Amino acid sequence: MMKFLLMNMMLLVLINNWGIVQLALFLMCFLVFLGLGHDFYMFNLGMQLGTDYLSMILVMLSVWIVVLVIYSSQMVKKTNKFSCLFLFLNLILLFALVMTFCSMDYLMFYLSFESSLIPTLILILGWGYQPERTQAGIYMLFYTLFASLPLLVSLISLYMVGGSLMMGLAKVSESELGMVSILWYFFTMLAFVVKLPMYLFHLWLPKAHVEAPVAGSMILAGVLLKLGGYGLIRVLSMFTEENKMFSWVWVGISVLGGVFVSILCLRQVDMKSLIAYSSVAHMSLVLGGLVVFSWWGMNGAVIIMVGHGLCSSGLFCLSNIIYERLGSRSLLINKGLLNLMPSLGLWWFLLSISNMAAPPTLNLLGEINLIIGMVSWSKVSMIGLIGLSFFSAAYTLYLYSISQHGTFFSSLYACCSGKLSEYYVLSLHWIPLNLMILKSGLVLPLI
């Protein structure tokens, strides 16, 4: 049904009918949401495709974010800047994401995982704002490709040893021990920690976010970073012994790296750059929770992936609204926006407190799960987690207070505070983020 809808939407793109495509995507959201109510483990869709609870959650998130991306990119349609191609690329990207999350075969998962890079790259190069977008695109391309080639070698080796690449059947032979299995483990992990991204491998992300159009930033923060976490969940079960040996490495890098990146956020003057670095800090917690390999850590990671996808996408949408009005994303220029755009001040406040995991957001539930999981693994991690939580609140308050308070720049002309369509998009980010905690079983795949 989903493949049929996607094919129909691609036909609608040919007549450049944005409204009907948006309605079709909402219908697709509804159909995916119906599947979330069932308690199944693996539902075979044929052709080596299938879904479990985790896949359905992330497919739902992908479709929802792409709907909001199309609603947020009305400027592309108004200026007629290759709007038909833009819509087509977004649907191709959605198709690649759905294929990735529904793949039951590791090789098909790898191909879909990598193919999502191409539409994202074209979005950045074709509709980016600054001349530096070429450099940002090349950064993203080379970081992702160089890290994922060892994963391909690892999967081919897995097929040669185990004879199968089906998820749940493929496993590393117990005879493969020692240095070979350790190298195998690191080769497999590398592609996903770069995509997540982990600290030390994160330099491509702020560049890609700053230079990307609003559609690129929203889909990158909302879904593409979640490919790393999803991939880790799928492959870590094959390397349980190696993961026990080296989990301290990943937890150490993730917690300390999260603290360093949070401090870096306090030095940013570009709104999009600050939100991008905050994504690295949040995803570092996800990595720590996953490699601990506990019930709490796994659940917390999935909840944070969904919550961060909605919250971060909403913040990028807000920064784009400011950029379209004032022509700048600099915090040094965009001061006192509460005087200039009082209605949007409420949305800045709501999404900012969601970013710092205030109740009743999904982010709070996810962070509680992750902190319990990591502290139960090692009490020493409390030191880093305290710093991470503190600076997370600090840079979010910095973003809100600097942008909203103070005297606004006098040479700016008066502008529209906000349009109904913009409030609609922002509410579709914020309402699910806060209401899903009432039915948290929908995003807890292990309950």
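Starting from 1, residues in each chain are numbered consecutively following that chain's sequence as written. Whole-chain, interface and lining totals are the exception, using all residues; otherwise, since this is a predicted model, local features are given only for residues with pLDDT of at least 70 and side-chain atom pairs are given and counted only at 80 or more. To get the side-chain values, take all heavy atoms of the structure and skip hydrogens and water.

- Per an unreviewed UniProt entry, the chain carries the name NADH-ubiquinone oxidoreductase chain 4 and comes from Procambarus clarkii.
- UniProt positions are given in the numbering used here, feature names are shortened, and annotations may be inferred rather than shown by experiment. Database annotation for the chain, UniProt heading Catalytic activity (unreviewed entry): "a ubiquinone + NADH + 5 H(+)(in) = a ubiquinol + NAD(+) + 4 H(+)(out)".
- Word for word, the UniProt comment on the chain under Subcellular location (unreviewed entry) is "Mitochondrion membrane".

1. Quick look at the side chain of S279
Right, so step 1: As for its position among the elements, S279 is in helix α14 (residues 271–292).
Right, so step 2: Under the scheme applied here, a residue whose accessible area is under 20% of the maximum for its type counts as buried, over 50% as exposed, and between as partly exposed, the area being computed with a 1.4 Å probe on protein chains only. Residue classification places S279 among the buried residues on the basis of a relative accessible area of 0%.
Right, so step 3: Ignoring anything within four residues of it in the chain, the contact list for S279 reads L205, L225, H308 and S312. Labels follow the DSSP assignment, with helices taken as runs of H or I lasting at least four residues and strands as runs of E lasting at least two, numbered in each case from the N terminus. The contact criterion used is simple: two residues touch if any of their non-hydrogen atoms lie within 4.5 Å.

2. What to know about unusual backbone geometry
Right, so step 1: For the bond running from L196 to P197, omega is -10°, close enough to zero to count as cis.
Right, so step 2: Secondary-structure assignment places P197 in the loop between α9 (179–195) and α10 (204–211).
Right, so step 3: The omega torsion of the bond from P359 to P360 falls at 5°, within 30 degrees of zero and hence cis.
Right, so step 4: Structurally, the position occupied by P360 is in the loop between α17 (342–355) and α18 (362–377).
Right, so step 5: Although it is not a glycine, F293 sits at a positive phi angle of roughly 65°.
Right, so step 6: Residue position: F293 is located in the loop between α14 and α15 (295–326).
Right, so step 7: When its relative accessible area of 35% is taken as the criterion, F293 is described as partly exposed.
Right, so step 8: With a phi close to 65°, A357 is a non-glycine residue in the positive phi region.
Right, so step 9: Following the sequence through the fold, A357 ends up in the loop between α17 and α18.

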